Amino acid sequence: MKVYDAIISRRSIRRFYQKQVDPEILKKCVNAGRLAPSAANLQPLEYIIVIDKTLCAQLFEALHWAAYIQPKWTPNETERPTAYIVVLVKDTQNPYYERDVGFATENIVLAAEGEGLGSCILCNIERTKIQELCNIPLTLAVDSVIALGHKAEKSVVEDFKDSVKYWRDEKDVLHVPKRKLDDIIYINKFQ
Ligand SMILES: Cc1cc2nc3c(=O)[nH]c(=O)nc-3n(C[C@H](O)[C@H](O)[C@H](O)COP(=O)(O)O)c2cc1C
C-alpha cells in the first residue's frame with residue numbers, strides 16, 4: 001500500500017473480530033514507531049505489546065471509548081481489540097516528547113493500516129491501573145495505548161459542517177467530520 005493511500009484510508013477503528021493478531025506484525029508496527037522522527041534524536045519512547053488474552057481483558061477495563069457517541073458506548077465482549085501497544089515515555093522532562101509520541105503513534109497506526117489492521121489511539125486511559133497491570137516501573141510514564149485488531153467496523157470521512165463530533169448512522173457506519181482542504185489551505189499568503 002502506498003503511504004498516501006494508507007493515510008487516506010486509515011480511520012480510528014473501535015470494533016474488531018476476535019482473531020489474534022500475528023505478533024510479528026505488531027513488532028513491525030513498533031519498529032515503525034521506533035524509526036519515527038525524534039526531537040534531537042533523543043528517542044524517549046518505549047513500547048509494550050500486549051497480546052495475552054487475560055491481560056488484554058484487564059487492560060480493556062482501563063480504557064475509555066468514543067466520548068462523542070451517546071449514550072455512552074464501549075465495545076462489547078465480541079468486538080474488543082485483540083492486541084494493544086502501550087506507549088511509554090522515559091523522560092517527560094524532554095520538552096518535545098509529546099511531539100515524538102505523535103510521530104511515533106502515527107507511524108504505528110499507518111504501519112498497522114498497511115498490514116490491513118484497524119487501530120485506535122487512546123489517551124483517555126487510566127494510567128495508574130495500566131502501570132500496575134503491565135508492571136511498568138515508575139521511572140517510565142504511560143502516555144497512551146494503541147488498540148489493534150482485525151477491523152469489524154466501517155468508518156467514513158465526511159465534510160465538516162457545524163460539528164466535529166463523529167456519529168454512527170442506522171447501519172452502524174461511523175462518520176468522521178473533517179475540515180475541508182479548501183478551508184485550511186493557503187497559497188503563498190494567508191489572504
Ligand atoms: C491524542 C489522541 C487521543 C485519542 N484518545 C482517544 C480515546 O481515548 N478514546 C477513543 O475512543 N478515541 C481516541 N482518539 C481517537 C480520535 O477520537 C479520532 O482520531 C478522531 O475522532 C478522528 O477520527 P479518525 O482517527 O478516524 O480520523 C484519540 C486520538 C488522538 C490523536
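Side note on the site of the ligand
Inspection of the region around the ligand gives 15 residues, with Arg11, Ser12, Arg14, Ala66 and Lys178 positioned closest. One of the backbone N or O atoms of Cys123 is found 3.1 Å from a nitrogen atom in the ligand. Protein contacts shield 70% of the accessible area of the ligand, which totals 620 Å² for the unbound molecule. Here the element with the most residues in the shell around the ligand is strand β4 (residues 118–122); it accounts for three residues. Among the residues making up the shell around the ligand, the classes are represented as eight nonpolar, three polar and four charged.

Here's the deal with the pattern of salt bridges
Under the definition given, this model contains seven salt bridges. A salt bridge links Arg15 to Glu79, with the shortest nitrogen-to-oxygen separation between them at 3.0 Å. One end of the pair, Arg15, is in the loop between α1 (3–9) and β1 (16–17); the other, Glu79, is in the loop between α3 (53–60) and β3 (83–89), and 64 residues separate them in sequence. Taken individually, Arg15 and Glu79 each receive the classification buried, so the pair is uniform in this respect. Here Glu113 and Lys151 are joined by a salt bridge, their closest N and O atoms 3.2 Å apart.

Remarks on the environment of Arg11
Mapped onto the elements, Arg11 comes out in the loop between α1 and β1. Residue class for Arg11 comes out buried when judged on its relative accessible area of 11%. For Arg11 and Ser155, which are 144 residues apart along the polypeptide, the C-alpha to C-alpha distance reads 6.3 Å.

Remarks on the side chain of Arg11
The side chain of Arg11 sits in the buried core without any salt bridge; Glu106 is the nearest counter-charge, 8.0 Å away. Of note is the side chain of Arg11, whose polar atom sits 3.3 Å from the backbone oxygen of Ile8. Every residue in contact with Arg11, bar those within four places of it in the chain, is listed here: Ser119, Ser155, Val156, Val157, Val176 and Lys178.

Overview of the packing of aromatic side chains
Tallied over the entire structure, the rule returns three aromatic pairs. The side chain of Arg14 reaches across the aromatic face of Tyr166, ending 4.8 Å from its centre.

Concerning the sheet that holds strand β7 (residues 167–168)
Strand order in the open sheet formed by three strands is β6-β8-β7, with mixed pairing between adjacent strands. Since the sheet does not close on itself, it has two edges, and those belong to β6 (155–159) and β7, each with one partner. Here five bridges tie β6 to strand β8 (residues 174–178), and the two strands are oriented parallel to one another. Along β8, the bridge assignment pairs Val157 with Val176.

Notes on the nonpolar core
By size, the foremost hydrophobic cluster in this structure holds 26 residues, and its most contacted members are Leu63, Trp65, Tyr84, Val86, Ile130 and Ile136. Elements represented by at least two residues in this core include exactly α3, β3, β4, β5 (141–151) and β8. Those residues in contact with Ile136 that lie beyond four places of it in its chain are Ile48, Val86, Leu88, Ile130, Gln131 and Val142. In terms of nonpolar packing, the next biggest core, distinct from the first, is built from 21 residues, Cys29, Ala104, Leu117 and Leu148 among them.

With respect to the confidence of the model for the protein chain
In this model, the protein chain carries a mean pLDDT of 98, and residues with pLDDT of at least 70 account for 100%. Least confident of the elements in the protein chain is helix α6 (residues 181–184), whose mean pLDDT is 96; most confident is β3, at 99.

Definitions and cut-offs
- Numbering of residues starts from 1 in every chain and runs along the sequence as written.
- Per-residue local features are limited, in this predicted model, to residues with pLDDT of at least 70; the limit for side-chain atom pairs, both in listing and counting, is 80 or more; totals at the level of whole chains, interfaces and linings are taken over all residues.
- Computation of side-chain values covers all heavy atoms of the structure but excludes hydrogens and water.
- Being near a molecule or strand, for a residue, means having at least one of its heavy atoms within 4 Å of it.
- Each polar contact in these results corresponds to two N or O atoms within 3.5 Å; when the atoms are within protein, one needs to be able to donate a hydrogen and the other to accept it, and residues that are neighboring in sequence are counted only if both atoms are side-chain atoms.
- To be clear on the numbers: accessible area is Shrake-Rupley with a 1.4 Å probe, and residue cover counts the displayed protein chains and nothing else.
- Secondary structure is summarised from DSSP: a helix means a run of H or I of at least four residues, a strand means a run of E of at least two, and numbering begins at the N terminus for each.
- Ten residues, namely Ala, Val, Leu, Ile, Met, Phe, Trp, Tyr, Cys and Pro, are considered nonpolar, four, namely Asp, Glu, Lys and Arg, are considered charged, and the remaining ones, Gly among them, are considered polar.
- The working definition used for a salt bridge is a side-chain nitrogen of Lys or Arg within 4 Å of a carboxyl oxygen of Asp or Glu.
- Each residue is placed in one exposure class: buried if its accessible area under a 1.4 Å probe, protein chains only, is under 20% of its type's maximum, exposed if it is over 50%, and partly exposed if it falls in between.
- Counting rule applied: Lys, Arg positive; Asp, Glu negative; His and chain ends not counted.
- Contacts between residues were defined by any pair of non-hydrogen atoms, one from each residue, lying within 4.5 Å.
- Two rings from Phe, Tyr or Trp (for Trp, the six-membered ring) form a pair when their centres are within 6.5 Å of each other. A pair whose planes differ by under 30 degrees is stacked, one over 60 is edge-to-face, and the rest are tilted.
- The criterion is that NZ of a Lys, or CZ of an Arg, lies within 6 Å of the ring centre and within 35 degrees of the ring normal, and then a charge sits over that ring.
- Note: two strands are recorded as paired if DSSP finds a minimum of 2 bridges between them.
- In this text, buried Ala, Val, Leu, Ile, Met, Phe, Trp, Tyr and Cys residues form a nonpolar core when linked through side-chain atoms within 4.5 Å.
- Per-residue confidence from the predictor is given as pLDDT, running between 0 and 100.

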